[in-house]
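Overview (structure and organization)
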Amino acid sequence: MVRRNRDSDDNERPARRKQFKRPGNEDNETPAPVNPSGTLDIRNKMIRQLMYAKLKRSKSKTKLQERKARQKSGEPKEEPKTIEKKRKRDETWVDEDDQEALDDITNDELNNYFTRKADGSQPKLLLTSQEGFPTSFTNKFLKELARVLPNTTYFQRRHHPIKRIIKKMNKLDYTDLLVINEDHGKPCTLYISHLPEGPTMKFRLTSAKLSKQLRSNRGKSCAKLTIRPEIILNNFNTRIGIRVGRLLAALFPHDPQYKHRHVITFHNQRDFIFFRHHMYLFKNDKKVALQELGPRFTIKLKTIQRGTFDAVYGEYEWMHKPKHKMDTERAKFFL
Amino acid sequence: MTSNEKIPIPKMNRSRWGHPLVFIASIIGLAGSSAVYYAQIRARQKARNTFLEQSFYKEALELTQGYKPITEKLVEPIQPLQVDTTSKFNILSPLGAQKMQHDDVIWSVLNGQFCSYKQQKSKTQIFCANEYNLTGLCDRRSCPLANSQYATVREEKGILYLYMKVVERSHYPKKQWEKVKLHESYIRALKQINEHLIYWPRFVRHKCKQRLTKLTQYIIRTRRLMLKKTAKQELVPIKKKAERRETRHEEKAFVAANIDRAIENELLDRLKKGTYGDTYTFPVNAISLDEEDDESESEDEKEEEEEGENEQESEEEVEYVEDFDESDAEDMEDMGDDDIDEELIKALPLSKKRPLEIEYESVEIPVRGAERAGIIYCYATRNSPDDEWHVDKLEFKASNQPERYLFYDRELRRKSK
């Protein structure tokens, strides 16, 4: 038999019988003893849990009330803060009429292409892998790329040093060299070297998907692109961005054939350039339908080197150096 | 050194590294087949064979034979006298005697108590970390500290040196080791060792020559590796944290980019600006359904039917789509929200998935492999009515979908057809 001390302070202990608390009667009850750190002070787990659930409900209720009040009052909504909006305006940001940038562009190595001079205007690309033999996925990826990028040849690189390849390419009037290196079976780096003394850019290649793997394509691989597609270059804002954008644009021939409705996009977002290949259809003047064909991948700029590929003696215009803390700021982008 | 008699060449045991050329050949054997490589292998084998016949090679063989007296004329050096003195630390006794005793004392201390160079990582073998050690083992004979007369061969930046330590210099720690630069040629270096260590104990001499051999092979290997591409390639470590961060940033950037919408906006902008010219016209009230309109209907990837709405420049015609595919319906945006649609389609039977049956004029375009594949439909365009059809995309779609699953067994299917 247990003796009950009637004189003891019963009030401190929580009630023996759990009263079934209806969710409607919250205003009448005393609020749960809440710690300054936000936790409840009740030692009984079941009751503590109940109290906590109640607390949460009341909080969300107040929030909802505030929200409704805000909506009713008709205040202008705050814009959601995105990293793009927080981005600081660089000195390198190019506005529309930046004279310096324009001058830069006119004296570019890629100028030949953009002013449609005879030697530069029709791009001829050579696509290779790294030294040795590419693995299966990279092989497929390379062959797909060779089909999507117009006027490309996939050349098997068998221990040929790049400089020798470049020499030969100059004789055969190629304009661009693309080299894809791989790591652990997946393509990991892309070098684009514009040939007649153009800049070489190294990109880090990620999330490569073949056209077979795209769901919208229904498991079929992409056919060879015999026509000239349209190009979209989005968000290349800074000086470096313009340089990269021009190099990428110079891979494709002039005068796109609009009738065939192919579009290749390089979309830059937070220094990641997304490559997409779509076929589009205007349903009316406000709606477009897109179907994704062709491979997709993301590239991120690592280095820009002046002149054709020369890893040792080349002059690097820009390098991404994580050691020197180029990555520390969340809202700082280079392209 | 070279005797007048013809000494038969003893069969050389194939050491692990063998002849350097063999090493090359084995590497090449792994490098994949191509005519060039085989030719190189053959050339090298030939070179190796000619090398093996050279006289200096035979000399080298002789020189490296261990424990053999250098010349028959020289007399074996006498072991130094072991003077037995009562007091171990007798300074006045002859140096020779002192030497042995002193060494013994040192060895007893190092072996028994503590030596900082002693490495016993495995149960069977004790190693010596001293840089001047000849064999690398912790041994009475190999310990450079416990032997006042000692010699080693060491390599510094690709050049081999013979280091010698004698009793006479034991009081000058700074000048203790005499450093002799060995010849670049292996055989001459062997001869040098023989000259310098002429009256030295056989063990030291032999081990020095062995060490010389090993080091020259090592140097050859490093040189070859340096010339190879793999040495020029810089191995860069993958930083896990940085990688993780990058992938995460990429995912977030992808979400923020909303690429499809961006592309659509861009295309619409271009349309507005007029870059497409007169290719697209979107009539506001396209209710009239003339026969001409039917014929000049536009082609559609998604097999969408909005008659008269997408009139493209006369000549694109589509073949077929009798049924809607569910998958296509997913791709497309909201169809049929416009009033125009509803008006047009009023006349036609409507069901949930809108199977619109429209009759087209069928054009037969020869497609390779059509007989085998059965009925093929395709998307084709042509620049003008006189031009040839250019096939853009093939659709392997049967006209009546359900039949596809009627006969799972191929044989039955073939019979039914």
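For the structure, check the block above.
Definitions and limits used
Per chain, residue numbering runs from 1 following the sequence as it is written. As a convention, the first chain written is A and the first ligand written is 1, with the rest following in written order. Only residues with pLDDT of at least 70 are given local features in this predicted model, and only at 80 or more are side-chain atom pairs given and counted; all residues enter the totals for whole chains, interfaces and linings. Side-chain numbers come from the whole structure's heavy atoms, not from hydrogens or water. Secondary structure follows DSSP: runs of H or I at least 4 residues long count as helices, runs of E at least 2 residues long count as strands, and numbering of each begins at the N terminus. Pairs of N or O atoms within 3.5 Å make up the polar contacts considered here, provided that, within protein, one atom can donate a hydrogen while the other can accept it, and that residues adjacent in sequence are counted only when both atoms are side-chain atoms. In this analysis, rings of Phe, Tyr and Trp, with Trp reduced to its six-membered ring, are considered paired at centre separations within 6.5 Å, and the interplanar angle assigns stacked below 30 degrees, edge-to-face beyond 60, and tilted for intermediate values. Lysine and arginine charges are scored as sitting over a ring when NZ or CZ, respectively, is within 6 Å of the ring centre and within 35 degrees of the ring normal. Here, axes are lines fitted to C-alpha atoms. For helices the fit covers the stretch in contact, and angles between N-to-C directions go from 0 to 180 degrees. Note on convention: the crossing is left-handed when the near helix lies turned anticlockwise from the far helix by less than a right angle, right-handed when the turn is clockwise. Any two residues whose heavy atoms approach within 4.5 Å at even a single point are treated as in contact. Gly is put with the polar residues, along with every residue not named as nonpolar or charged; the nonpolar set is Ala, Val, Leu, Ile, Met, Phe, Trp, Tyr, Cys and Pro, and the charged set is Asp, Glu, Lys and Arg. Burial classification: accessible surface area is computed with a 1.4 Å probe over protein chains only, and a residue below 20% of its type maximum counts as buried, one above 50% as exposed, and the rest as partly exposed. This arc corresponds to the set of directions leading from the helix axis out to the C-beta atoms. Pairing between strands is defined by DSSP: at least two bridges between the two strands are required.

Within the element layout of this structure, R261 of chain A appears in the loop between α7 (239–249) and β7 (262–269). Only 3.1 Å separates the side chain of R261 of chain A from the backbone oxygen of Y280 of chain A, close enough to count as a polar contact.

Across all of its chains, the model carries 16 aromatic pairs over all chains by this definition. Judged by centre distance (5.3 Å) and plane angle (90°), the ring pair of Y191 of chain A and F309 of chain A falls under edge-to-face. Taken together, the residues Y191 of chain A in strand β4 (residues 186–194) and F309 of chain A in the loop between β9 (287–306) and β10 (315–319) connect sequence positions 118 residues apart. Over the face of the ring belonging to Y132 of chain B we find R154 of chain B, whose NZ or CZ atom lies 4.7 Å from the ring centre.

So, about the packing of helix α3 (residues 55–64) of chain B against helix α5 (residues 186–196) of chain B. All names here are of chain B. Between α3 and α5, whose axes approach to 10 Å, the crossing angle comes to 35°. The two elements α3 and α5 cross, and the hand of that crossing is left-handed. Residues F56, Y57, E59, A60, L63 and T64 of α3 pack against Y186, I187, L190, K191 and N194 of α5. In terms of residue class, the contact of α3 with α5 is made up of 7 nonpolar, 2 polar and 2 charged.

Residue and element names in this part refer to chain A. Among the residues making up helix α6 (residues 162–171), those that are buried are I162, I165, I166 and M169. The arc that holds the buried residues of α6, viewed along the axis, is 100°, so those residues lie on one side. Within α6, the exposed residues directed more than 90 degrees away from the buried face are R164, K167, K168 and K171. Where α6 is buried, its residues meet β1 (125–129), β3 (176–183) and β4. Backbone geometry just after α6 places D173 at a positive phi near 65°.

With that out of the way, let us pick up the sheet that holds strand β4 (residues 159–165) of chain B. All names here are of chain B. Taken in spatial order, the 3 strands make up an open sheet running β3-β4-β5, and their pairing is antiparallel. Only two strands of the sheet have a single neighbouring strand rather than two, namely β3 (150–156) and β5 (177–181). Taking each pair of neighbouring strands and ignoring which way they run, the sheet shows an average axis angle of 25°. Where β4 meets β5, 5 bridges bridge the pair, whose relative direction is antiparallel. For L162, the partnering residue across the bridge sits in β5 and is V180. Packing against the sheet, helix α6 (residues 202–227) makes contact with β3 and β4, and its axis sits at approximately 5° to β3.

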